[in-house]
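The lines below spell out each chain.
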Amino acid sequence: MTARTLVLGLGNILLRDEGIGVWVAESLGREFRFPLEVAMLEGGTLGLDLLPRLDGVERLLLVDAVKLGREPGDIVRLEGDAVPVALDVKISPHQVGVQDLLAAARLMDREPPLVVLWGMEPERLDPGTGFSPRVAEALPQLRDGVLEELRLWGVPGEPLADAAPQPVWWEAPGVGRPR
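Parameters and conventions
Residues numbered from 1 in each chain as written. Predicted model: local features only at pLDDT ≥ 70, side-chain atom pairs only at ≥ 80, totals over all residues. Heavy atoms only, no water. Buried < 20%, exposed > 50% of the residue type's maximum accessible area, 1.4 Å probe, protein only. Helix = DSSP H or I, 4+ residues; strand = E, 2+ residues; numbered from the N terminus. Pairing = 2+ DSSP bridges. Core = buried A, V, L, I, M, F, W, Y, C linked by side-chain atoms within 4.5 Å. Contact = heavy atoms within 4.5 Å. Expected span 1.5 Å × (residues − 1). Axes fitted to C-alpha atoms, helices over the stretch in contact; angles between N-to-C directions. Phe/Tyr/Trp six-rings, centres within 6.5 Å; stacked < 30°, edge-to-face > 60°. Parallel < 35°, antiparallel > 145°, perpendicular 65-115°, else oblique. Left-handed = near helix turned anticlockwise from the far one by under 90°. Nonpolar A, V, L, I, M, F, W, Y, C, P; charged D, E, K, R; others polar.

Chemist: Can you lay out the pairing of strand S5 (residues 75–79) for me, pointing to particular residues and giving the numbers?
Modeler: Only one face of S5 is buried, namely the one carrying Val76 and Leu78, since none of Ile75, Arg77 and Glu79 on the opposite face is buried. Across five bridges, the pairing between S5 and strand S6 (residues 114–120) is antiparallel. Looking across to S6, one finds that Leu78 is bridged to Leu117.

Laid out in C-alpha cells, this is it:
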C-alpha cells in the first residue's frame, strides 16, 4: 500500500538546529504506531531524490528549520503556497532542493493536494551535533504539533509502550522521551 500521508523530516543533523526535522520524524517513527497509510521519512538533505516518494501522496507534512525572523524555538505552521515562500530564506543547501522538489512535483503532476510545513526558528547552524537549549526545549512541542495535525487528518499516532530509547547521537539538553 502506498502511503497517502507522508511526514517528511528535513535537515542536516551535522549543523546543530538544522536537524530538527529529522529529529521529529525519527522520534515519531520510533515512539508511535501509525495507520498503514502514513509514512515517516527522515529525508535529511536529499532534495529532488525524494520525488519518487511523493507518488500517491495526498497529504505531505514537511518538518524543517525555517528562518522567518522569529525567536529561536518559535514554531510555525504554514500551508499551501506559503510553504515555498517560507523556504525563500536559505539556511542550508537542502532547502534549495525542497523548493525544487515541490516545483518538480507540481510540473510532473505529483504534487500532493495538501502540503503543510511545521517549522521552527533555529538558533545555531554551525557545524556540530546537538541542539541549542531553546530549540531543544521546544522540540517536544513541535513533535506534539505534528502529532495533533495527524490526529486532525484522521491518522492518529498510538504511543508505543516498548519504544526504543532515543539514539545516543540525539542527546541534547531538554530533549528526551515524550512526557
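Chemist: Can you break down the nonpolar core residue by residue, with the values?
Modeler: In terms of nonpolar packing, the biggest core is built from 26 residues, with Ile20, Leu28, Leu61, Leu139, Leu142, Val146 and Leu150 touching the most fellow members. Elements supplying a minimum of two residues to this core: helix H1 (20–31), strand S4 (59–65), S6 and helix H4 (133–152). Among the elements that line this core, the one with the most residues is H4, at eight residues. Leu61 has contacts with Leu6, Val7, Leu8, Val116, Trp118, Val146, Glu149, Leu150 and Trp153, leaving out every residue within four places of it along the chain.

Chemist: Give me H1: which residues, what numbers.
Modeler: Over its 12 residues, H1 extends 16 Å from the first C-alpha to the last, a length consistent with the 16 Å expected when each residue adds 1.5 Å. Taking burial as the measure, the 12 residues of H1 include 11 buried ones, the bulk of the element.

Chemist: Can you explain the sheet that holds S6? Please cite residues and give values.
Modeler: Taken together, the five strands give an open sheet; going across it, the order is S3-S1-S4-S6-S5, and neighbouring strands pair in mixed fashion. Only two strands of the sheet have a single partner each, and these edge strands are strand S3 (38–44) and S5. Strand-to-strand twist across the sheet, computed as the mean angle between neighbouring axes with direction ignored, equals 15°. As paired strands, strand S1 (residues 5–10) and S3 are joined by six bridges and run parallel to one another. The residue of S3 that forms the bridge with Leu6 is Ala39.

Chemist: Can you tell me about the packing of aromatic side chains, naming the residues and giving the values?
Modeler: Counting across every chain of the model gives one aromatic pair. On the basis of an interplanar angle of 45° and a centroid distance of 6.3 Å, the ring pair of Phe32 and Phe34 is categorised as tilted. Given the relative accessible area of 10%, Phe32 is considered buried.

Chemist: Would you mind going over the pairing of S4 in detail, with residue names and values included?
Modeler: Summarising burial for S4: seven of the seven residues are buried, a large majority. By the alternation rule, side chains of S4 split into Arg59, Leu61, Val63 and Ala65 and Leu60, Leu62 and Asp64, which are all buried. Looking at chain direction, S1 and S4 are connected through five bridges and run parallel. Bridged to Gly9 within S4 is Val63. With seven bridges joining them, S4 and S6 adopt parallel strand pairing. Residue pairing for S6: Ala65 is matched across the bridge by Met120.

Chemist: Got a sec to walk through the packing of H1 against H4? Specific residues and values, please.
Modeler: Close contact between H1 and H4 brings their axes to 10 Å; oriented N to C, the two are set at 55°. By the criterion of interaxial angle, the relationship of H1 to H4 is oblique. Regarding H1 and H4, the two cross each other, and that crossing is right-handed. Contact with H1, carried on its side by Ile20, Trp23, Val24, Ser27, Leu28 and Glu31, involves Val135, Leu139, Pro140, Leu142, Arg143, Val146 and Leu147 of H4 and no other residues of that element. A per-class count over the contact of H1 with H4 returns 10 nonpolar, one polar and two charged.

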